[in-house]
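Commentary on secondary and tertiary structure
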Amino acid sequence: MDRSFHYLLMATQSLFQRSVMAELNGSGLTAGQPKVLDYLGRHDGSVQKDIAAGCQIDPATLTGLLNRMEEKGLIRRCNEDGNRRSLHVYLTEQGWDKQREVRQTMERQSEAVQAGLSEEQRAQLLDCLYKVCANMTDMEGLQ
């Protein structure tokens, strides 16, 4: 296995997503939807642009994801305060059920992939990943 930073980062993300989706097999969720459900579980009622930014999803891709989620009855979109340009996205009762399933799956998978790491190593890993994300976000703003 290549030990370069870029390879390990890409491989880790791919393997984690694959394991999460394998556990959610049969849930009716497609790739991308668990991330949106997880985000809405913490930020219910967000506008679409905030969801796209929070999930690191292209806004056009998010629109398609939300359309399919709305068709499945997981979310509802509505205007608030008379603003017709900004749709707020809320989880439905069924959406909250799926969100809890996703959250539990993410927690189990997170625990499994961090097995064997001390609490100090786990904290350092999170700190490093946060810094990498912050650096990448700063880089996007410069382009």
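Residues numbered from 1 in each chain as written. Predicted model: local features only at pLDDT ≥ 70, side-chain atom pairs only at ≥ 80, totals over all residues. Heavy atoms only, no water.

If you look the protein up in an unreviewed UniProt entry, it shows as MarR family transcriptional regulator from Candidatus Flavonifractor intestinigallinarum.

1. Some points on helix α4 (residues 59-71)
Between its first and last C-alpha, α4 extends 18 Å over 13 residues, near the 18 Å set by a 1.5 Å rise per residue. Listed as buried for α4 are Leu62, Gly64, Leu65, Leu66 and Met69. N-cap assignment for α4: the residue whose side-chain oxygen lies 3.1 Å from the backbone N of alanine 60 is aspartate 58. With its phi angle positive at about 80°, glycine 73 sits one or two positions after the end of α4. (Helix = DSSP H or I, 4+ residues; strand = E, 2+ residues; numbered from the N terminus. Expected span 1.5 Å × (residues − 1). Buried < 20%, exposed > 50% of the residue type's maximum accessible area, 1.4 Å probe, protein only. Polar contact = N/O pair within 3.5 Å; in protein donor to acceptor, adjacent residues only side chain to side chain.)

2. Details of the layout of surface pockets
Taken as a whole, the largest pocket spans an internal volume of roughly 1,900 Å³. Lining the largest pocket are 39 residues; nearest its centre among them are Leu9, Gln13, Phe16, Leu129 and Cys133. Secondary structure elements with two or more residues in the lining of the largest pocket: α1 (5-23), α2 (33-42), α3 (48-55), α5 (93-113) and α6 (119-142). (1 Å grid on protein atoms, 1.4 Å probe; cavity = no way out; pocket = protein on both sides within 12 Å on 5 of 7 lines; lining within 4 Å. Points joined across faces, edges and corners; volume = space filled by probe spheres on them.)

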